[in-house]
Amino acid sequence: MTSRHPNTQHKSVIDADGLQSLIGVLRDEGYQVIAPRASDDAMVLGQVNGIEDLPVGVRDEQDGGHYRLVPGGGRALFEYGPGPQGWKRYLYPPEERLWRARRHGESFTIEEDSQSTDKYAFLGVRACDLRAMEVQDKVFDREPQGDPRYVARRKNAFVVAVNCARAGGTCFCVSMASGPRAKDGFDVSLTELIDDDRHVFLAEAGSKKGVELLERIDRRPASDTEMSRADAIVSQTAESMGREMIADAEHVLARNLESDHWETVADRCLTCGNCTLVCPTCFCTTVEDVTDLSGAIAERWRKWDSCYSMDFSYIHGGSIRREGAARYRQWIAHKLSFWHEQFGISGCVGCGRCITWCPVGIDITEEARTLRDGEKDL
Amino acid sequence: MTPLPAIADAAEPMVPIPFRIERTVKNLSDTFTVDLRPEEGRKPFHFAPGQFNMLYQFGVGEVPISISGDPQDPETLVHTIRAVGAVTQAMAGMKRGAVMGVRGPFGSAWPVEAVEGSDVVLVAGGVGLAPLRPAIYHILANRARYGRLVILYGARTPRDILFRAELEKWSSRLDTFVDVTVDRASGGWHGNVGVVTKLIGRGGFDPDNTAAMICGPETMMRFTIQALNDRGVSNERIHVSMERNMKCAVGFCGHCQFGGQFVCRDGPVFRFDRIEEMFLVREL
Ligand SMILES: Cc1cc2nc3c(=O)[nH]c(=O)nc-3n(C[C@H](O)[C@H](O)[C@H](O)COP(=O)(O)OP(=O)(O)OC[C@H]3O[C@@H](n4cnc5c(N)ncnc54)[C@H](O)[C@@H]3O)c2cc1C
Ligand code: SF4
Ligand code: FES
């Protein structure tokens, strides 16, 4: 039997009820549906049971060192930008037990934790975060040895992307060629269309799983006007983007590892590591070994770590990166330059989170530009 | 070239395998060697000279340690460990019969096969002799395939000379040149005093046809490379073993990054011309 290739270009329109049943079908399929939810002061990821759990009309103000949720979005469900958390916390949790060991006299046996069976559906993934998943796939889903937990969760995940109708205050996805349009890496993508009398979503399947899901919910074919309106919305978002990464950041950084500028950044940088925590591609972890009170059972936990800590590069005799300047340089040079050498892609996706959540508003696009402009003066 | 041995259980690279301590030898006041054998039913442990394992001390932690034994004897896994901190000190207290966790082997190797036909100069500082010992065993076992063999070693004091009996044995061979120096001499030492870089050139070698392999503190390696360069050995003929913090050894934790390289996976042994620029950048 020949299987019919899914028509992934096919676009349809669903309304709020359709979105409700999309969530319902995913839940029926055993997915935990995760979406941004408005907490007191930020959009945080959490489980949703239906559209009633989605934030209505909430927008955000983002700038260097500044984040605030504000009203003003009317009926819109997706008019805010990236929140402080990336989706990585589900695919690669902040703390995870790798195994348990039990002592028997002089010896011990290892009880491996069973493979993850988590089944997540991510709702509201922006184009920058789709890129972040692609980037983390290159880190963890590798031959011959991938990270088995990440790979299992990723394989099980269902991704509902949303095309951005507003550029966030610190976004620069256009210059990273990652957004604002979701091009691939999703199962279904949505563009929110709001009129006086209508609130619908243009839905597009990006995979066979996505086609099958859309077939199960109430929808109608999209009209040409609806399709061109959706295009116009995303183009408008792209045009209104305020920040831009310099071209060729990879080589600018590689050429400037010994620039005097690092000292200048270090004067401002608190080495708090916030940027690594909010970055959707940062993957570093440490391990912690713990024992129970009797000493008979030992566990190994893997926890998110940051290259801003002194311990990170500690070897007997002292840390390699003692100076704050060296630690800031590691972060930005890894993102923009070393990453290309390691994984063939930039580690920066243009989501702007590191700018927003830096307590002193250090801006990765500005720092890269300053380094480049410094070269002209030579 | 023969492919490098890879970790035994590729499906779960983070899970250690229990190995039993067959024998422990106290080499120096702070350094000891353990011979390990897999618990019943495990396969022999194949490795290439220069590769390392992650050794796990039950409940305490896990550290990267080079393999210091003979690659021709895959039945015994040998590690030489300097007790410097929490994990290695706990390991120092382990007796015969106790069990350690082992993950590995990991990383790149000394290019012992690729450099057949050339003179070989091995330069070690301190416990850095341990990761080079498997290369020495390999070369001596295949001695006819190499030109001159020069082993230069620097220790802090005469009491810190690792593998002293073996150094003396190698030194007594007519086909091997061994020279040792100490930073600080104590009574009864009649050998060299000073940094190991001063020994470069002794034993003689053909700079255009020499492979150098260096393991020791970074400063020692930097000056050794300089001295080799001064004698006409170019950087693509020099290999160094780098040390960085390591938590996973499989390229996931990020701790061992050195510019665009993961020392655990792309190293620890690097051909020097490939990392030359980064090597000189402070605190990279
Ligand atoms: C590839 C490689 C091969 C090595 N081979 C040997 C060897 O053959 N023999 C030997 O004695 N030592 C070797 N070392 C160094 C050894 O790993 C450290 O001495 C050891 O990790 C110290 O751990 P600790 O808990 O006893 O010390 P602490 O100082 O208490 O260390 C705390 C933590 O810091 C990290 N750390 C500290 N020092 C180092 C270091 N030098 N390198 C990497 N991480 C470190 C470890 O993660 C450790 O758990 C090697 C290191 C590397 C990277
Ligand atoms: S080294 Fe730093 S910048 Fe790079 S992934 Fe790790 S935490 Fe992020
Ligand atoms: S030790 Fe974890 S990435 Fe190299």
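Chains are numbered independently. Their residues run from 1 in the order of the written sequence. All chains are assigned letters beginning with A, and all ligands numbers beginning with 1, in the order in which they are written. Restriction of local features to residues with pLDDT of at least 70 applies here, the model being predicted, together with a cutoff of 80 or more for giving and counting side-chain atom pairs; totals for whole chains, interfaces and linings are based on all residues. Calculated side-chain values reflect all of the structure's heavy atoms, with hydrogen atoms and water omitted.

Observations regarding the interface of chain B and chain A
It only takes one pair of heavy atoms within 4.5 Å for two residues to be counted as in contact. If you look at the interface, chain B gives 45 residues, while chain A gives 53 residues. Defined in terms of a 1.4 Å probe, buried area is the accessible area two parts forfeit on being brought together, summed over both. Across the chain B/chain A interface, buried area totals approximately 4,100 Å², and carbon plus sulfur atoms make up 55% of it. Considering only the side of chain B, the residues that lose the most area to chain A are Phe58(B), Phe252(B) and Glu283(B), jointly responsible for 21% of the buried surface there. Salt bridges are defined as contacts in which a side-chain nitrogen from Lys or Arg sits within 4 Å of a carboxyl oxygen from Asp or Glu. The tally of links from chain B across to chain A stands at one salt bridge. The salt bridge partner of Arg300(A) is Glu62(B), with a shortest N-O separation of 2.7 Å. Here a polar contact means two N or O atoms within 3.5 Å. Within protein one must be a hydrogen donor candidate and the other an acceptor candidate, and residues neighboring in sequence count only if both atoms are side-chain atoms. In this structure, the connection of chain B to chain A is made through 19 residue pairs in polar contact (both at pLDDT 80 or more). Taken together, the elements giving at least two residues each to the side of chain B that touches chain A come down to β1 (17-28), β4 (61-66), β6 (99-106) and β14 (261-262) of chain B. Helix and strand definitions here come from DSSP, where helices need a minimum of 4 consecutive H or I residues and strands a minimum of 2 consecutive E residues; each element is numbered from the N-terminal end. Among the elements that line the side of chain B that touches chain A, the one with the most residues is β6(B), at three residues.

Remarks on the site of ligand 2
Residues are classed as near a molecule or strand on a simple rule: at least one heavy atom within 4 Å of it. Close to ligand 2 lie Thr276(A), Cys282(A), Phe283(A), Cys284(A), Cys307(A), Gln330(A), Trp331(A), His334(A), Lys335(A), Trp339(A) and Gln257(B), which account for all nearby residues. A per-element tally of the shell around ligand 2 places helix α10 (residues 324-343) of chain A first, with five residues. The residue inventory of the shell around ligand 2, partitioned by class, reads six nonpolar, four polar and one charged. Throughout, the ten residues Ala, Val, Leu, Ile, Met, Phe, Trp, Tyr, Cys and Pro are labelled nonpolar, Asp, Glu, Lys and Arg are labelled charged, and all others, Gly among them, are labelled polar.

Side note on the domain arrangement of chain A
All names here are of chain A. Either an automatic procedure or a domain database provided the assignment from which the domain bounds are taken. Domain boundaries in chain A define domain 1 (11-238) and domain 2 (249-376). Measuring from the centre of the C-alpha atoms in domain 1 to the corresponding centre in domain 2 gives 25 Å. Carbon and sulfur atoms make up 60% of the surface buried where domain 1 meets domain 2, a total of about 3,600 Å² over both sides. The largest share of the area that domain 1 buries against domain 2 comes from Lys88, Tyr92 and Phe172, three residues that together contribute 17% of it. On inspection of domain 1 and its partner domain 2, the count reaches five salt bridges. A salt bridge links arginine 302 to glutamate 96; the nearest nitrogen and oxygen atoms lie 3.2 Å apart. For the side of domain 1 that touches domain 2, the secondary-structure elements that each account for two or more residues are β4 (59-63), β5 (66-70), α2 (88-91), β6 (95-104) and α3 (127-140). Counting residues per element, the side of domain 1 that touches domain 2 draws most heavily on α3, which supplies 10 residues.

Overview of the confidence of the model for chain A
Each residue gets a pLDDT score, which is the predictor's confidence in that residue and runs from 0 to 100. On average, residues of chain A carry a pLDDT of 93, and 97% of them reach 70 or more. Every residue in residues 1-8 of chain A scores below 50 in pLDDT, and together they form six contacts with partners more than four places removed in sequence or on other chains.

Focus on the packing of helix α8 (residues 261-268) of chain A against helix α12 (residues 364-376) of chain A
Residues and elements named next belong to chain A. Axis separation between α8 and α12 bottoms out at 11 Å; the angle between their running directions is 155°. As the angle between them shows, α8 and α12 are arranged roughly antiparallel. Considering the relative orientation of α8 and α12, their crossing is right-handed. Taking contact as the criterion, the partners of His261, Trp262, Val265 and Arg268 in α8 are, on α12, Glu367, Thr370 and Leu371. Here the residues of the contact of α8 with α12 are counted per class, giving three nonpolar, two polar and two charged. Only the stretch in contact is used when a helix axis is fitted, and all axes are lines through C-alpha atoms; the angle between N-to-C directions ranges over 0 to 180 degrees. Here is the rule for angles: anything less than 35 degrees is roughly parallel, anything more than 145 is roughly antiparallel, 65 through 115 is roughly perpendicular, and the remaining ranges are oblique. A crossing counts as left-handed when the near helix is turned anticlockwise from the far one by less than a right angle, and as right-handed when that turn is clockwise.

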